[in-house]
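Spelled out, the chains give:
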Amino acid sequence: MYDMEFIKLPYINSTNTYAKDNAKSFSKEITLIQSEVQSHGRGRLDRAFISDNSQGAWFSVAIKPEKGIITPEMVLLMPVMAASATALTIETVYGIRPGIKWPNDILINSKKACGILCESRIIHNDVYLVVIGIGINLNQKKMHPDIADIATSLLIETGTEVPIDLIIQNICGNVAFFYDKIKHGETACIIDKWNEYSLMNNAVITYTKEQLSYTAISKGINTDGRLIIEQDGKIIYLDSSEVRLKIQGV
Ligand code: BTN
C-alpha cells in the first residue's frame, strides 16, 4: 500500500489549486489534499464547481512520479483511472451502479454526482506533477437550485448517509492500486473497468467543438483516453480538452 501524505484543510479556494501551488513541498509520491469546503471549486472548461458546503468529498490526489516512470502519454490515462476508481467505490459502498460519461463525469440515474478535473505539469517532457481533483456530492439533502435539474447526491439517490472520510479513503486505495498498474504498463484493466461503467457504448451523442455541433455514435475510449466516435461513416478520436458533449436520452 502507498505511503501517502494527508493534508486536511477546513477551507480553501480549490484543492487542485492548493496542490499545484504547494507541490514543491510535498515529500511523498502521493499526497491527498482534502478540504471541508471550497470557495472556488473548478471544473473542466473553466467552469465553476459548486463545493461551498461540507456535504461533499472535495479532494485532490497529487502525484509526483519518480523521474522517468510516467510518460506524458500515460498522463492521459489519469482521468480514466480516476473515474474507474470512483465508480468502483460508489458501487462497493452504496451498492448502486453509477455510469461514466466521458470524459470525467459520474452519473447516477442520469444526473451528475461527481466530476473529475485532472491537471498536470510536464517539464522538458518529464511528468513533474499530476493533480487528480475529484468532487462528489455525497450527503446533500437538496442540491443547489442552480444545478438541481442536472446534479444529484448519493444521499438523494440512495437514502444512505456515508462518512465522507470513508469514501475518500476507499477511492484513494483504488487510485493507488490503478496507479501502480499504470506504472507497470498494465493499462488494459483500467480501460476495461472504465468500459464496464461507461455510458458511451454505442450511445448517440451530440458534441460541440469550436462552436459547431455534431451528432455521432460513441464507441468507447482508446488507450489514450480519447473517445472513439463514428461520424458520417468515419472513425474519429475526440480529445477531452476540446469538446462539450451530451448523450441523447440521458
Ligand atoms: C467537472 O465537473 O468539470 C470537474 C469538477 C472537479 C471538482 C473537483 S473538487 C476537488 C478539486 N478541486 C477543484 O477545484 N476541482 C476538483
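As the structure is a computational prediction, the values presented were derived from the model and not from experiment.

Let's shift gears to the sheet that holds strand β4 (residues 99-101). Ordered by their spatial adjacency, seven strands build an open sheet running β1-β2-β3-β7-β6-β5-β4, and the pairing between neighbours is mixed. Two strands bound the open sheet, and with one partner strand each, they are β1 (4-12) and β4. With direction set aside, neighbouring strand axes in the sheet form an average angle of 20°. Here 10 bridges tie strand β6 (residues 111-123) to strand β7 (residues 126-137), and the two strands are oriented antiparallel to one another. Following the sheet pairing, C114 is matched in β7 by I136.

This part is about the sheet that holds strand β10 (residues 227-231). Sheets are built from strands paired through backbone hydrogen bonds, the pairs being either parallel or antiparallel. Overall, antiparallel pairing links the five strands, which are arranged β11-β10-β9-β8-β12 in an open sheet. Each of the sheet's edge strands pairs with one partner strand only, and the pair in question is β11 (234-238) and β12 (244-247). With strand direction ignored, the average angle separating the axes of adjacent strands in the sheet is 40°. Of the pairings in the sheet, the one linking β10 to β11 comprises five bridges and is antiparallel in character. The residue of β11 that forms the bridge with I228 is Y237.

Our focus in this paragraph is the environment of T223. Structurally, T223 is set in the loop between β9 (212-221) and β10. Under the relative-accessibility criterion, T223 is labelled exposed at 54%. In this structure the C-alpha to C-alpha distance between T223 and I191, which are 32 residues apart in sequence, comes to 7.1 Å.

As a further point, take the state of the cysteines. Taken as a whole and judged by the stated rule, the model has zero disulfides. No disulfide involves C118; its sulfur sits 11 Å from that of C114, the nearest cysteine. As a non-bridged cysteine, C189 has C118 as the owner of its nearest cysteine sulfur, 17 Å distant.

Across the eight residues of strand β3 (residues 56-63), eight count as buried, placing the element largely inside the fold. For strand β2 (residues 30-38) and β3, the ladder comprises six bridges, and the chain directions are antiparallel. Bridge pairing links I30 to I63 in β3. The sheet contact formed by β3 and β7 spans eight bridges and is antiparallel. Paired with W58 across the bridge in β7 is G135.

The rules behind the values
Residues numbered from 1 in each chain as written. Predicted model: local features only at pLDDT ≥ 70, side-chain atom pairs only at ≥ 80, totals over all residues. Heavy atoms only, no water. Pairing = 2+ DSSP bridges. Helix = DSSP H or I, 4+ residues; strand = E, 2+ residues; numbered from the N terminus. Axes fitted to C-alpha atoms, helices over the stretch in contact; angles between N-to-C directions. Buried < 20%, exposed > 50% of the residue type's maximum accessible area, 1.4 Å probe, protein only. Disulfide = S-S within 2.5 Å.

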